[in-house]
Structures are given as C-alpha cells and as structure tokens.
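Close look at the chain arrangement
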Amino acid sequence: MLPLSILGFLAERPLHAYELRRRISDLIGHNRPVSDGALYPAVNRLRQAGHVERRAEPGESAPTRQVLRITSSGRAELLRRLTEPKETEITDGGAFFTLLAFLGQVPDPARRAAVLRRRLDFLTAPAGFFTRSGQPVRIKDEEDPYRRGMLIMARAAQRAERAWLEETLRELETKLP
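Now for a look at the structure at hand.

Looking at the pattern of salt bridges
For the coordinates displayed, the defined rule picks out 11 salt bridges. Here Asp 26 ties to Arg 22 by a salt bridge, and the two come within 3.5 Å at their closest N and O atoms. Placement of both Asp 26 and Arg 22 in helix α2 (residues 17–28) is noted, with a separation of 4 residues, approximately one turn of the helix. With relative accessibility at 39%, the residue Arg 22 sits in the partly exposed group. Of the charged contacts in the structure, one is a salt bridge between Glu 87 and Arg 118, with a shortest N-O distance of 3.1 Å.

A short note on the packing of α2 against helix α3 (residues 36–48)
Close contact between α2 and α3 brings their axes to 11 Å; oriented N to C, the two are set at 115°. With respect to their mutual orientation, α2 and α3 come out roughly perpendicular. The element α2 and its partner α3 pack so that their crossing is right-handed. Facing α2, whose interface residues are Ala 17, Leu 20, Arg 21 and Ile 24, α3 presents Asp 36, Leu 39, Tyr 40 and Val 43. Of the residues contributing to the contact of α2 with α3, the split by class is 6 nonpolar, no polar and 2 charged.

Cut-off values and rules
Residues numbered from 1 in each chain as written. Predicted model: local features only at pLDDT ≥ 70, side-chain atom pairs only at ≥ 80, totals over all residues. Heavy atoms only, no water. Salt bridge = Lys/Arg side-chain N within 4 Å of Asp/Glu carboxyl O. Helix = DSSP H or I, 4+ residues; strand = E, 2+ residues; numbered from the N terminus. Buried < 20%, exposed > 50% of the residue type's maximum accessible area, 1.4 Å probe, protein only. Axes fitted to C-alpha atoms, helices over the stretch in contact; angles between N-to-C directions. Parallel < 35°, antiparallel > 145°, perpendicular 65-115°, else oblique. Left-handed = near helix turned anticlockwise from the far one by under 90°. Contact = heavy atoms within 4.5 Å. Nonpolar A, V, L, I, M, F, W, Y, C, P; charged D, E, K, R; others polar.

The structure is reproduced here in structure tokens:
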C-alpha cells in the first residue's frame, strides 16, 4: 500500500520526502511504521517507472529541497490502482482503508461505487475469526472471554462499516445517469 499512498498524497500536492513520510505515517503508521528504508526505495521505483519526478526547489530559509511531484502517468497509475484493486486490497481492512483514503480522487461515481460494492459484498459473505469443524464460531458459543471480545468488536465494526457503505452507495447511485 506504500506506492498507493505515495501516489495518492502526491496527487493532492507536491511534497518533499520528509513531509510525504510524515503524511503516510499519519495514515498507515499505526499498522506499520514507515521508515526511510522503505519510503525511498518505493519512491525510486515510482520515479523509474515515470510516475513520480523529483525537482530541486529553493528553500525559504533553508538549503535547496527535493520536491516530489506526480506525473501524468502517475495519475493514470493511481486511478488504475484505485479502480482495479487487488482482492487483498478489498479483503484486508488496513489495505482497504488506505485505498479508501484516496478513493475520492476517482472522478467517476460509478467506478467509486464499484469498489465500495466489492467491499460490501466481502463484508456480507459469511465469515468468522474462529471455526470449529469448518463452521464459524458464534459469539454465544465462544467460551474464551477474550476471543468472545474479539468477535463482539469485529461484529460491531463490521456493522458500522456495512451501514456506511450502504449509505454511501445510495448517495453515489443518485449521481449516476
């Protein structure tokens, strides 16, 4: 999700690497800290692909700064990644939330709705954290209080997310021709 975050933030405005790392850390750092050792190679791969460019700009009261900008091919790649997410980017909560942070940059409401519909379909499918004999364990049948707590919290979060998805899809559908 690091390349998506880089492209997403640079699509909002040009940034120097330090500010880009801080913004990415604010978004996904609670899941996985973003180190320079991860950021710079990812930026360099995006530069080599022609999706990002680096320009030197004079600092106001500091030395010249290297500012990163998204290119037109980078914008196209960002839109492709947002509208054609991998299955794991739909099913993994952290990955989906990163995608969601930039989904508003997709201009077509129908394409945004398609991504949200995929997530809603995933959340609607029967699933559970724990299984016995291949069947999801129901909250009332879980004896361990901590596992029961996990199930209770996951179910509440899933209900809230499904309600938001359904409401947002209704709003998007009013904008469709």
